[in-house]
Every structure is written in C-alpha cells, then in structure tokens.
Amino acid sequence: MRETTLVQPATSGYEQRWGLDWKAGLLVAALLVAAQAFILRLQGHIWICKCGYVKLWHGVVVSSENSQHLSDWYTFSHVIHGFLFYFLFWLIFRRSTVWTRLSFAILLEAAWEILENSPIIINRYREATISLDYFGDSIINSVSDTLWMVLGFLLAARLPVWLTVVLAILFELAVGWLIRDNLTLNVLMLIYPVEAVKTWQGGL
C-alpha cells in the first residue's frame, strides 16, 4: 500500500496509473484550499483569531482562542484524517496516482471543514460537548486543519502501514489522556452524546 515515490517517472518500469501528475495535483490542491477559505468567508467566519494575532500553537482547550490558530490539540485528529483518507482512497482508486487520491482527500476534508463550521454543526457541538464557547474556527485554523490532513496523507503514503497505525493509536491515547478529548470521542459526542463522557470531559 505504501507509495514508492510521489513523483512517478513516465517509464515502462512503472505500472501505468490514471489521474493527475504532481503539477496538476498541486494546482488542484491549491484551488480546493482556496475555495474552502472563500466559502468559509462567505459563511461569515473571521480570517484570524479575534485576539488579533496568529500563534503557531495554542494548547488551552477551554478558551476563546481554541481552534483559532495554526495548530492545537485537535491538529492530531486532522493528521489522523490524512491517514484514514489515504487508506480510503487507496481502496477506491488503487490504479490512480497518489496526487489524484490526495485531491479527493482534500475535497473531502474541505467539505467537512465547511460543514463543521456551519450553524447546524456549531450548535451541535455547543449542545452535546464541552465546547460551550465554540462559535466556529477561524479561516486560518480551518485551512491549517486541511494542510495538517495533507501531512497525514503524505506520511501514510510513505510510512509502513504498521507505523501509521501505531502513530494513530498513540495520537489518540496521548491526546485523550491530556485533554480528555480526541477524534474518537469527538465523533461519538457529535453523533451519540453520552452524558457520562460529557461530565468526565467537563472535569478537566
């Protein structure tokens, strides 16, 4: 499943694959991320944190600056998105180029970011989770989330499967222990809120 190269030479020694080459793939990726930012702006989201500055890392979960900067504890969830999307599109498009699969992964991630920052999901988070002060991501945070997914996707394309799985498990366990939340709990509380989990998370 691991890709041997991201820039595949057009020689007879390689299996013929359909789809985008690296130049077209980079262009499509850039256009999709730009479209994501544009749609989020149309939704009324701010470009950067209301605090007026941009931080590389913000580690305080219960704060108005959470999900407003370049990275935070939920960044690890987006890297795992990249792991999962690589596997998903490898299954669906096995004979396509890695850049084709990456384009679909960015499309899916961008679509989720737009949905996640819509009123219906924002209100759901506020009702069902501990994110009472959550009013949506800043655009720079949302775009960064997509780029972190890209990093996860590219790591999955290069790393052995066992190492990718180990990293995903370590990320989930470490983040879950440190902030009482992670990708698994986030999905659970969004789809089927458990009061005991919400109470436990609120005790942080």
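Here, every reference points to the structure presented above.
### Overview of the overall build of the chain
Thinking step 1. When its secondary structure is counted, the chain shows 8 helices and 0 strands.
Thinking step 2. Helices (α) and strands (β) of the chain occur, in sequence order from the N terminus, as α-α-α-α-α-α-α-α.
Thinking step 3. Since a compact globule built from 204 residues should have a radius of gyration of about 17 Å, the 18 Å found for the chain is in line with a globular shape.
Thinking step 4. Dimensions of the chain, computed from the C-alpha atoms along their principal axes, are close to 60 × 35 × 30 Å.
Thinking step 5. By the burial criterion, 43% of the 204 residues in the chain qualify as buried.
Thinking step 6. Restricting the contact set of the chain to residue pairs at least 6 apart, pairs at least 24 apart contribute 67%.
Thinking step 7. Looking at the chain as shown, the accessible area adds up to about 11100 Å², and 71% of this sits on carbon and sulfur atoms.

### Some points on the environment of Ala30
Thinking step 1. Counting through the fold element by element, Ala30 comes out in helix α1 (residues 22-42).
Thinking step 2. In this structure Ala30 comes out as partly exposed when scored by relative accessible area, which is 46%.
Thinking step 3. A sequence separation of 76 residues divides Ala30 from Ile106, and the C-alpha atoms of the two residues are 9.6 Å apart.

### A look at the side chain of Ser138
Thinking step 1. Its place among the elements puts Ser138 in the loop between α4 (119-128) and α5 (139-158).
Thinking step 2. Leaving out residues up to four positions away in the same chain, Ser138 has contacts with Ile46, Trp47, Ile48, Cys49, Ser67, Gln68 and His69.

### Some remarks on the packing of aromatic side chains
Thinking step 1. Considering all chains together, one arrives at 10 aromatic pairs under this definition.
Thinking step 2. A ring pair is formed by Trp57 and Trp73, whose centres lie 5.0 Å apart and whose planes are at 80 degrees; its orientation type is edge-to-face. Linking Trp57 in the loop between α1 and α2 (75-92) with Trp73 in the loop between α1 and α2, this pair joins segments that are 16 residues apart in sequence.
Thinking step 3. In this structure Trp57 comes out as partly exposed when scored by relative accessible area, which is 37%.
Thinking step 4. Among the aromatic residues, those joined into a ring-pair cluster are Trp57, Trp73, Phe76, Phe83 and Phe171.
Thinking step 5. For the cation-ring pair, Arg94 lies above Trp90, with the distance from its terminal atom to the ring centre recorded as 4.1 Å.

### A closer look at unusual backbone geometry
Thinking step 1. At Ser67, a residue that is not glycine, the phi angle is positive and equals roughly 65 degrees.
Thinking step 2. Looking at where Ser67 falls in the secondary structure, it is placed in the loop between α1 and α2.
Thinking step 3. Here the phi dihedral of Arg180 falls at roughly 60 degrees; this positive angle occurs in a residue that is not glycine.
Thinking step 4. Tracing the backbone through its elements, the reader meets Arg180 in the loop between α6 (161-179) and α7 (183-191).
Thinking step 5. Among the residues examined, Arg180 registers a relative accessible area of 23% and is labelled partly exposed.

Basis of the calculations
Residues numbered from 1 in each chain as written. Predicted model: local features only at pLDDT ≥ 70, side-chain atom pairs only at ≥ 80, totals over all residues. Heavy atoms only, no water. Helix = DSSP H or I, 4+ residues; strand = E, 2+ residues; numbered from the N terminus. Rg over C-alpha atoms; globule rule 2.2 N^0.38 Å. Buried < 20%, exposed > 50% of the residue type's maximum accessible area, 1.4 Å probe, protein only. Contact = heavy atoms within 4.5 Å. Areas by Shrake-Rupley, 256 points an atom, 1.4 Å probe, with all protein chains shown as cover. Phe/Tyr/Trp six-rings, centres within 6.5 Å; stacked < 30°, edge-to-face > 60°. Lys NZ or Arg CZ within 6 Å of the ring centre and 35° of its normal.

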